[in-house]
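Single-letter residue listing:
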Amino acid sequence: MAHPLSHDGSPQASEAGANQPDLDSEAVWEAKVDLAACFRMAARCGFEEGICNHFSALVPGYDDLFIVNPYGYAFSELTASKLLVCDFHGAVVSGEGAPEATAFYIHARVHKRVPRARVAFHTHMPYATALSMTEGEPLIFAGQTALKFYGRTTVDRNYNGLALDEREGDRIAAAVGDADIVFMKHHGVMVLGATIAEAWDDLYYLERACEVQTLALSTGRPVLPVAPEIAEAAYRQMREGDPESARLHLAAVRRTLDRKEPEYKS
């Protein structure tokens, strides 16, 4: 299912120039460690699918370089030092290996065309993906956790096969609009965030909301949405403290991994 990125056609790897980015700063390393922690915890939570899913984050201080996982590794294998830095032309600026092809064509185009998306997490996590396959809107906004996403979701309804060229990446990027959460019909989900912590927080709670909704639907009884005015008010209450709550959530993830899988930060 996964595909290696080839430079035989477009995009071409850029030639090394005189001005090389500074990728040895503490800020860049901390971003890699945070991202590695998200990969490891996503694996522990069952959010990964083989070697097919991908997380990316723009390099701190740069708008045209992004950190992404290399082709051929499961989330549970990834460490900070294994992560790649790529440019928007497909050149690997730092790290060994190459990104998976769909990872490049989706993430490079989303980061380029949606500048507010400093971070992009794409998974086929089971409950969110299951709801992307159903008729109607994926989230009913019936449970409190789902209200975190009220007014923040969109659906890319035009599934077009694998993203193996810039055109498909551009189409997906155009489908984002103002949303932070994209349910990709027949495919999976993509979570966009301003920080790694906020993207992780949304990814985690999105799957929890989808899981609870799926369980409610399985009873065969009608699922009752929250009244719109209450849903809007609850959403605003949740969003007020989201950045700090997300920061603390990721810190808790790192403490957990420090005890159980400390090699993630190597």
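Scroll up to find the structure.
So, here is what we can say about the structure in this document. Position numbers for residues start from 1 in each chain and track the written sequence from start to end. The model is predicted, so local features are restricted to residues of pLDDT at least 70 and side-chain atom pairs to those at 80 or more, both for listing and for counting; the totals for chains, interfaces and linings are taken over all residues. By convention in this description, side-chain values take in all heavy atoms of the structure and omit both hydrogens and water.

## Brief notes about the sheet that holds strand S7 (residues 181-184)
An order of S4-S3-S2-S1-S5-S8-S7-S6 is seen for the eight strands of this open sheet, with the pairing classed as mixed. Across the chains shown, the open sheet's two edge strands, defined by having one partner strand only, are strand S4 (92-94) and strand S6 (153-156). The average undirected angle you get between the axes of adjacent strands in this sheet is 25 degrees. With four bridges connecting them, S6 and S7 associate as parallel partners. Its bridge partner being in S7, Val155 is matched across the sheet by Phe183. In this analysis, two residues are considered to be in contact whenever any of their non-hydrogen atoms come within 4.5 Å of each other. Fitted lines through C-alpha atoms give the axes, limited to the stretch in contact for helices. The angle between two N-to-C directions lies from 0 to 180 degrees. Helix numbering and strand numbering both begin at the N terminus, where a helix is a DSSP run of H or I of at least 4 residues and a strand a DSSP run of E of at least 2. Taken strand by strand, helix H4 (residues 166-176) contacts S6, S7 and strand S8 (188-193), and its axis lies near 145 degrees from that of S6. Here helix H5 (residues 196-218) sits on the sheet and contacts strand S1 (54-58), strand S5 (119-123), S7 and S8; the angle it forms with S5, its principal contact strand, is near 30 degrees. Being paired, for any two strands, means DSSP has found at least two bridges between them.

## Details of unusual backbone geometry
Backbone geometry places Phe141, a non-glycine residue, at a positive phi of 60 degrees. Along the chain, Phe141 falls in the loop between helix H3 (126-132) and S6. Exposure classes here rest on a 1.4 Å probe applied to the protein chains alone. A residue is buried below 20% of its type maximum, exposed above 50%, and partly exposed in between. Judged by relative accessible area, Phe141 falls into the buried class, the value being 14%. Notably, His186 is not glycine yet its phi reads approximately 65 degrees, a positive angle. Checked against the element boundaries, His186 lands in the loop between S7 and S8.

## A closer look at the nonpolar core
The term nonpolar core refers to a set of buried residues drawn from Ala, Val, Leu, Ile, Met, Phe, Trp, Tyr and Cys, joined through side-chain atoms within 4.5 Å. In terms of nonpolar packing, the biggest core is built from 53 residues, with Leu35, Phe55, Phe121, Phe183, Ile196, Trp200 and Leu206 touching the most fellow members. A per-element tally of this core places helix H1 (residues 26-45) first, with eleven residues. Counting 13 residues, the second largest nonpolar core, distinct from the first, contains Val110, Ala120, Ala163 and Leu192.

## Side note on H4
Residues of H4 that are buried include every one of Glu168, Gly169, Asp170, Ile172, Ala173 and Val176, and no others. For H4, the secondary structure elements touched by its buried residues are helix H2 (101-113), S6, S7 and S8. At the exit of H4 stands Gly177, carrying a positive phi of roughly 60 degrees.

## Section: the pattern of salt bridges
Any Lys or Arg side-chain nitrogen found within 4 Å of a carboxyl oxygen on Asp or Glu counts as a salt bridge. Inspection of every chain in the model, using the stated rule, returns 24 salt bridges. Measuring nitrogen to oxygen at the nearest pair gives 2.6 Å for the salt bridge that ties Asp63 to Arg118. Of this pair, Asp63 sits in the loop between S1 and strand S2 (65-68) while Arg118 is found in the loop between H2 and S5, placing the two residues 55 residues apart along the sequence. Residue classification places Asp63 among the exposed positions, given a relative accessible area of 58%. We classify Arg118 as partly exposed; its relative accessible area is 24%. Between Lys148 and Asp202 there is a salt bridge; the shortest N-O distance is 3.1 Å. Remark: Asp202 occurs in helix H5 and Lys148 occurs in the loop between H3 and S6; sequence separation between them is 54 residues. Each member of the pair, Lys148 as well as Asp202, is classed as buried.

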